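Here is how the chains run, residue by residue.
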Amino acid sequence: MIDRIEVSMINESVHNFRKGEFGVESIEIHEKRGLIEIIYGAQETGRKIVLIPMQNVEKCEFTDKYVSSENE
């Protein structure tokens, strides 16, 4: 599960997303589809999803959050 992501675009803009901040519900990277997907929680106007094409990304740094299982 991705907790935080920083995306540097080829046009030199930088975008930061963190799970739980500003309504961000989840962050996913779809390598086969070539997309980074940022999903926001449902609001009155609907659900917001941001799709960032990987071909526009120069650099991407993210933090994975591992959930340990006590039964292992």
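Check the entry above for the structure.
Remember, it's a predicted structure, so these values are computed and weren't measured experimentally.

Cut-offs and rules
Each residue is numbered by its place in its chain's sequence as written, counting from 1. Confidence filtering applies because this is a predicted model: local features only for residues at pLDDT of at least 70, side-chain atom pairs given and counted only at 80 or more, and all residues used for totals across whole chains, interfaces and linings. To get the side-chain values, all heavy atoms of the structure are used, and hydrogens and water are removed first. Helix numbers and strand numbers start at the N terminus; a helix is a DSSP run of H or I with at least 4 residues, a strand a run of E with at least 2. Type-normalised accessible area, obtained with a 1.4 Å probe on protein chains alone, sets the label of each residue: buried when under 20%, exposed when over 50%, and partly exposed for intermediate values. Throughout, a contact is declared for two residues whenever any of their heavy atoms are within 4.5 Å. Under the convention used here, a 1.4 Å probe and the Shrake-Rupley method define accessible areas, while residue burial counts only the protein chains that appear. Two residue types count as positive, namely Lys and Arg, and two as negative, namely Asp and Glu; His and chain ends fall outside the count. Charged groups are reduced to one reference atom each: NZ for lysine, CZ for arginine, CG for aspartic acid, CD for glutamic acid. Basic side-chain nitrogens of Lys or Arg form a salt bridge, by our definition, when they fall within 4 Å of a carboxyl oxygen of Asp or Glu.

Asks: Before we move on, can you summarise the overall build of the protein with the specific residues and values?
Replies: Per the secondary structure count, the protein includes zero helices and six strands. Taking all 72 residues of the protein together, the buried fraction comes to 28%. By sequence separation, contacts in the protein at least 24 residues apart represent 37% of the contacts at least 6 residues apart. Total accessible area computed for the protein in this model is approximately 5600 Å², and 47% of it derives from carbon and sulfur atoms. Averaged over its 9 positive side-chain charges, the protein has a centre that lies 2 Å from the centre of its 14 negative ones.

Asks: Now, about the pattern of salt bridges: what can you tell me, with residues and values included?
Replies: Enumeration over the complete set of coordinates arrives at three salt bridges. One salt bridge in this structure joins Lys 59 and Glu 61, with 3.0 Å as the shortest N-O distance. Residue classification places Lys 59 among the partly exposed positions, given a relative accessible area of 43%.

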